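Coordinate inspection notes
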Amino acid sequence: EVQLVESGGGLVQLGGSLRLSCAASGFTFSGYAMSWVRQAPAKGLEWVSVINSAGSLTDYADSVKGRFTISRDNAENTVYLQMNSLKPEDTAVYYCAADWPGVIVTTRPEEYDYWGQGTQVTVSS
């Protein structure tokens, strides 16, 4: 059974930091690109960041560039999102997603194969 389990969300003040984790199981994690996608209240899905299967290529949405860092540990089947300098507009449910093949990265969530259940991030002003 494929599982993606996010953790690390919570309530943080403006300018604070959080580190999200996504633990994967049930598929060959090292063969998949991994992404973070978020959904703010009453809004659609917004792609946030992607990392290729080897961890050698990353990309970020303009809204988070310079503040967020994606990384992965293929030995631990886990992908991370370090979020710094958080703003109220970062408030959303954050999902991790897996996409095959992992050597190609896409910023289109509709193409992702597996999704987690999400973790809530709330940034207060």
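In this report, we go over the structure that sits alongside the text.

What follows covers the pairing of strand β3 (residues 18-25). Sheet topology note: the strand β1 (residues 3-7)/β3 ladder contains five bridges and is antiparallel. The residue of β3 that forms the bridge with L4 is A24. When β3 meets strand β8 (residues 78-83), the two strands line up antiparallel, connected through six bridges. Of the residues in β8, the one forming a bridge with A23 is T78.

What follows covers the pattern of salt bridges. Applying the stated rule across the entire model yields five salt bridges. Between R38 and E46 there is a salt bridge, with the nearest N and O atoms lying 2.7 Å from each other. Each of the salt bridges in this network shares a partner with another, and the network as a whole consists of R38, E46, R67 and D90.

In this section: the environment of A33. Relative to the helices and strands, A33 is located in strand β4 (residues 33-39). Looking at A33, the relative accessible area reads 2%, which means it is buried. Discounting chain neighbours no more than four positions away, the residues touching A33 are V50, I51, N52, S53, R72, A97, A98, D99, G102, I104 and V105.

Turning our eyes to something else, we now look at the sheet that holds strand β7 (residues 68-73). Strands sit in the order β1-β3-β8-β7 across an open sheet of four strands; the sheet is antiparallel. Unpaired on one side and paired on the other, β1 and β7 mark the two borders of the sheet. Averaged over all adjacent pairs, the angle separating strand axes in this sheet is 15°, with direction ignored. Judged from the six bridges that link them, β7 and β8 form a sheet pairing that is antiparallel. Paired with R72 across the bridge in β8 is V79.

Tallying each qualifying case throughout the model produces one disulfide. With a sulfur-sulfur separation of 1.9 Å, C22 is cross-linked through a disulfide to C96. Taking the sign of the S-S torsion, about 45° here, the bridge from C22 to C96 comes out right-handed. On the criterion of sequence distance, the pair formed by C22 in strand β3 and C96 in strand β9 (residues 92-99) is long-range, its members being 74 residues apart. Of the two residues examined, C22 and C96, each falls in the buried class.

We now examine the packing of aromatic side chains. Scanning all chains against the criterion turns up five aromatic pairs. Measuring from ring centre to ring centre gives 5.1 Å for F27 and Y114, while their planes differ by 50°; the resulting arrangement is tilted. Taken together, the residues F27 in the loop between β3 and β4 and Y114 in strand β10 (residues 114-115) connect sequence positions 87 residues apart. Overall, F27 belongs to the buried group, its relative accessible area being 13%. Note on Y32 and Y114: the rings are 5.7 Å apart at their centroids and 35° apart in plane angle, and the pair reads as tilted.

Reading guide: rules and limits
- Residues numbered from 1 in each chain as written.
- Predicted model: local features only at pLDDT ≥ 70, side-chain atom pairs only at ≥ 80, totals over all residues.
- Heavy atoms only, no water.
- Pairing = 2+ DSSP bridges.
- Helix = DSSP H or I, 4+ residues; strand = E, 2+ residues; numbered from the N terminus.
- Salt bridge = Lys/Arg side-chain N within 4 Å of Asp/Glu carboxyl O.
- Buried < 20%, exposed > 50% of the residue type's maximum accessible area, 1.4 Å probe, protein only.
- Contact = heavy atoms within 4.5 Å.
- Axes fitted to C-alpha atoms, helices over the stretch in contact; angles between N-to-C directions.
- Disulfide = S-S within 2.5 Å.
- Phe/Tyr/Trp six-rings, centres within 6.5 Å; stacked < 30°, edge-to-face > 60°.

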